Amino acid sequence: MRIKKFTAPTMKEAIAQMKKELGDDAVVLKSEKINKGGIFDFFGKELIEITAAKDEPKAKSPYPSRNLYSSRINFNTNTEGIKKELNDLSISMLKEEIKEIKNEMSRMSDLLKYRDMPNLPENLILVLKQLLENEVEERIAKKLIEGIHYQLKGDDYNNLKLILDLLLKKISSLIKVVPENNLPRSEPKTIALIGPTGVGKTTTIAKLATKNKLINRKKVGLISIDTFRIAAVEQLKTFANIAEIPLKVVYTPDEMINAVSEMKDMELIYIDTTGRSQKDTPRLKEIKKFLEMIHPDEVHLVISMTSKLKDIMDVVEKFGIITYNRLLFTKLDETTNLGAALSVITRIKKPLSYLSTGQNVPDDIEKVNPDKLARMMVRREFL
Ligand SMILES: Nc1nc2c(ncn2[C@@H]2O[C@H](COP(=O)(O)OP(=O)(O)O)[C@@H](O)[C@H]2O)c(=O)[nH]1
Ligand SMILES: [Mg+2]
């Protein structure tokens, strides 16, 4: 197989180039928009780059064919033993070939990744690789490295610690947190959590409610608008009973106002919302109606860090119909690659409220410390 990249202002021109050079049977493996200009081609003109492949006949091997299908064995006259042996042999050969292909693909993808930066100092390549391994998007990783590149001179390039410090500072500055506001209020603060099923909304509310009641000595109330998944209401009811925290279950948007006014003596009211798939737009509209009745002070979009970036962005898009003003990340304990978190933060310009780091109520929750989160995003052997 022959692989080659073509760059042109339009996809049509790129494909024409490909066909001219590789012939009509070449195929496009990958296409992406790139910018021509700065050190990493950031600030220039947008171009289309395609990676194309063409199958080329292999040189004739001096060894007998390993392809069982082309061998001239007459299976009708063979014994079962021979068949089994051949079968085992073909499986082990296949495994070996898959391994070879995998190695080759990973080598090729490495080459493609670093191809456009042959002059990048070694330590910057090292840091770039680390970011990519932690699943930071290539676009963001390159931007970060480019920013650092501008700040370095002379011997700085040999100082990996300095480079890492600059990187952490840059990432940390991208992480916005909610400023602390402990001003006394005359009415309860209402805090709603929204997000898909299973991301940890109810568990997070249990943690926050318990901490505020037991440690901060606040008067805490709970409202559940989880009306069609009975078990979910039960989960919060059981918790409310154990923690001795009042709970109101609300069935229609109109009941929201009453529920809040019945809890007017509380300082904090946590609102648990229906967990449903983000694909269920009518349900999301229903939650929107419930929340619009009271306009909560805080609405946190809860995102599980175990989800893939594409799925997270899908959640973000669908929940965009509800007004929210915070992001809350859960299940940090279940992932080692926090690169997606950086993508979410840079795309959705909303501050982060809490990080949930496990199933234990109330311990596994913390306020966001940007420096610590930045280290978690770049961690592994460097830190
Ligand atoms: N590992 C881990 N599990 C969590 C975390 N938060 C919640 N869970 C678990 O995720 C599951 C779903 O949580 P739940 O609060 O019911 O999600 P909801 O549907 O959004 O209300 C439960 O088993 C929780 O114990 C977390 O930060 N880490
Ligand atoms: Mg729930």
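Our subject is the structure listed above.
Quick summary incoming for the structure in this document. Keep in mind that what you see is a predicted model, and the values were worked out from it rather than measured. (Residues numbered from 1 in each chain as written. Chains lettered and ligands numbered in written order. Predicted model: local features only at pLDDT ≥ 70, side-chain atom pairs only at ≥ 80, totals over all residues. Heavy atoms only, no water.)

### Some details on the overall build of the protein
Stated formally: Numbering of helices and strands runs from the N terminus, with a helix taken as a DSSP run of H or I at least four residues long and a strand as a DSSP run of E at least two residues long. Residue contacts are defined here by distance: any two heavy atoms, one from each residue, within 4.5 Å place the two residues in contact. Accessible surface area values rest on a Shrake-Rupley calculation with a 1.4 Å probe, where residue burial reflects the displayed protein chains alone.
From N to C terminus, the protein includes 12 helices and 11 strands. Restricting to contacts in the protein with at least 6 residues of sequence separation, those with at least 24 account for 72%. Here the protein has roughly 22400 Å² of accessible surface; of this, 53% comes from carbon and sulfur atoms.

### Some thoughts on the site of ligand 1
Stated precisely, the cut-off is as follows: Summary of the distance rule: residues count as near a molecule or strand when at least one heavy atom falls within 4 Å of that molecule or strand. Two N or O atoms count as a polar contact when they lie within 3.5 Å, although within protein this holds only if one can serve as hydrogen donor and the other as acceptor, and sequence-adjacent residues are included solely when both atoms are side-chain atoms.
Around ligand 1 lies a shell of 17 residues, among which Gly198, Lys201, Thr203, Asp333 and Ser356 are the nearest. With respect to ligand 1, the backbone of Val199 contributes an N or O atom lying 3.3 Å from an oxygen atom. Contact between ligand 1 and Lys201: an oxygen atom at 2.8 Å from a main-chain N or O atom of the residue. Protein chains shield 83% of the accessible area of ligand 1, which is 580 Å² for the free molecule. Take the shell around ligand 1: its biggest share by element is 3 residues, from helix 6 (residues 201-214).

### Regarding the pattern of salt bridges
For side chains bearing opposite charge, pairing can occur when the charged atoms are close. Threshold: Every case where a carboxyl oxygen of Asp or Glu lies within 4 Å of a side-chain nitrogen of Lys or Arg is listed as a salt bridge. The classification of residues rests on relative accessible area computed with a 1.4 Å probe and restricted to protein chains. Under 20% of the type maximum is buried, over 50% is exposed, and intermediate values are partly exposed.
Scanning the model with the defined rule gives 19 salt bridges in all. Of the charged contacts, one joins Arg2 and Glu21 as a salt bridge, the two residues approaching to 3.9 Å between their closest N and O atoms. Note that Arg2 is positioned in strand 1 (residues 2-8) and Glu21 in helix 1 (residues 11-22), a separation of 19 residues in sequence. The exposure class assigned to Arg2 is partly exposed, which follows from its relative accessible area of 32%.

### Looking at the nonpolar core
The nonpolar side chains of a soluble globular protein tend to be buried with one another. Put simply, the rule reads: Think of a nonpolar core as a cluster: buried Ala, Val, Leu, Ile, Met, Phe, Trp, Tyr and Cys residues, connected wherever their side-chain atoms sit within 4.5 Å. Either an automatic procedure or a domain database provided the assignment from which the domain bounds are taken.
With 67 residues, the main nonpolar core has Ile171, Ile223, Phe329, Leu373 and Met377 as its most contacted residues. Looking at this core, the element that brings in the most residues is helix 5 (residues 160-174), giving 6 residues. When residues of this core are assigned to domains, at least three map to each of domain 3 (117-175 + 370-383) and domain 4 (189-367). In this view, Leu373 contacts Ile175, Leu332, Leu338, Ile345, Leu352, Leu355 and Val368; residues no more than four positions away in its chain are not counted. Membership of the second largest hydrophobic core comes to 20 residues, among which are Val199, Leu208, Ala243 and Tyr270.

### Overview of the environment of Asn369
Positionally, Asn369 belongs in the loop between strand 11 (365-367) and helix 12 (370-378). It is 8.8 Å that separates the C-alpha atoms of Asn369 and Ser172, two residues lying 197 residues apart in sequence. At a separation of 3.0 Å, a polar atom in the side chain of Asn369 contacts the main-chain amide nitrogen of Asp371.

### Looking at the pairing of strand 9 (residues 326-330)
Going by this rule: Strand pairing is assigned whenever DSSP detects at least two bridges linking the two strands. Assignment of crossover handedness uses the view with strands pointing away from the viewer, where a clockwise path from the first strand over the helix to the second indicates a right-handed crossover.
Across the 5 residues of strand 9, 5 count as buried, placing the element largely inside the fold. A two-sided burial pattern is seen for strand 9, the buried positions comprising Arg326, Leu328 and Thr330 on one face and Leu327 and Phe329 on the other. As defined by bridge partners, strand 8 (residues 298-304) adjoins strand 9 across 5 bridges and the pair is classed as parallel. Bridge pairing in strand 9 links Ile303 to Phe329. Running through helix 10 (residues 309-319), the crossover from strand 8 to the neighbouring parallel element strand 9 is right-handed. Where strand 9 and strand 10 (residues 352-356) come together, 2 bridges link them in parallel fashion. Among the inter-strand pairings, Leu327 is bridged to a residue of strand 10, identified as Leu352. Handedness of the crossover is the feature at issue here: the chain leaves strand 9, passes through helix 11 (residues 339-347), returns alongside strand 10, and the resulting connection is right-handed.

### Some thoughts on the sheet that holds strand 5 (residues 220-224)
Let me state the cut-off plainly: A fitted line through C-alpha atoms represents every axis, and for helices the fit uses only the stretch in contact; the resulting angles, taken between N-to-C directions, go from 0 to 180 degrees.
On the basis of which strands lie adjacent, the open sheet formed by 8 strands has the order 6-5-7-4-8-9-10-11 and mixed pairing. Two strands lie at the open edges of the sheet, namely strand 6 (247-249) and strand 11, each paired on one side alone. Pairs of neighbouring strands in the sheet enclose a mean axial angle of 20 degrees, with direction left out of account. Strand direction decides the pairing type here: strand 5 and strand 7 (residues 268-272), joined by 5 bridges, are parallel. Directly across from Gly221, in strand 7, lies its bridge partner Ile269.

### What to know about helix 9 (residues 281-292)
Threshold: For a helix, the expected span equals 1.5 Å multiplied by the number of residues minus one. This arc corresponds to the set of directions leading from the helix axis out to the C-beta atoms.
Spanning 12 residues, helix 9 covers 16 Å between terminal C-alpha atoms, matching the ideal 16 Å at 1.5 Å per step. Residues of helix 9 that are buried include every one of Leu284, Ile287, Phe290 and Leu291, and no others. The buried residues of helix 9 all sit within an arc of 115 degrees when viewed along its axis, so they share a single face. Of the exposed residues in helix 9, the ones pointing more than 90 degrees away from its buried face are Pro282 and Lys289. In this structure, the buried side of helix 9 is in contact with strand 4 (189-194), helix 8 (255-262), strand 7, strand 8 and helix 10.

### Observations concerning helix 6
If you check helix 6, its first and last C-alpha atoms are 20 Å apart, about what 14 residues at 1.5 Å a residue would give, namely 20 Å. Among the 14 residues in helix 6, 10 count as buried, and that is most of the element. By the burial criterion, the buried members of helix 6 are Lys201, Thr202, Thr204, Ile205, Ala206, Lys207, Leu208, Ala209, Thr210 and Asn212.

### Thoughts on the packing of helix 5 against helix 12
Angle between the axes and distance between the axes: these two values describe a pair of packed helices. What counts here: Just so you know how the angles are binned, under 35 degrees is roughly parallel, over 145 roughly antiparallel, 65 to 115 roughly perpendicular, and the rest oblique. Throughout, a crossing is termed right-handed when the near helix is turned clockwise from the far one, and left-handed when it is turned anticlockwise from it by less than a right angle. Residues are grouped as follows: Ala, Val, Leu, Ile, Met, Phe, Trp, Tyr, Cys and Pro are nonpolar; Asp, Glu, Lys and Arg are charged; every other residue, Gly included, is polar.
Packing of helix 5 against helix 12 brings their axes to within 8 Å, and their N-to-C directions diverge by 120 degrees. Relative to helix 12, helix 5 is oriented oblique. Here helix 5 runs over helix 12; the crossing is right-handed. Residue-level contacts link Leu164, Leu167, Leu168, Ile171 and Ser172 of helix 5 to Pro370, Asp371, Ala374, Arg375, Met377 and Val378 of helix 12. Here the residues of the contact of helix 5 with helix 12 are counted per class, giving 8 nonpolar, 1 polar and 2 charged.

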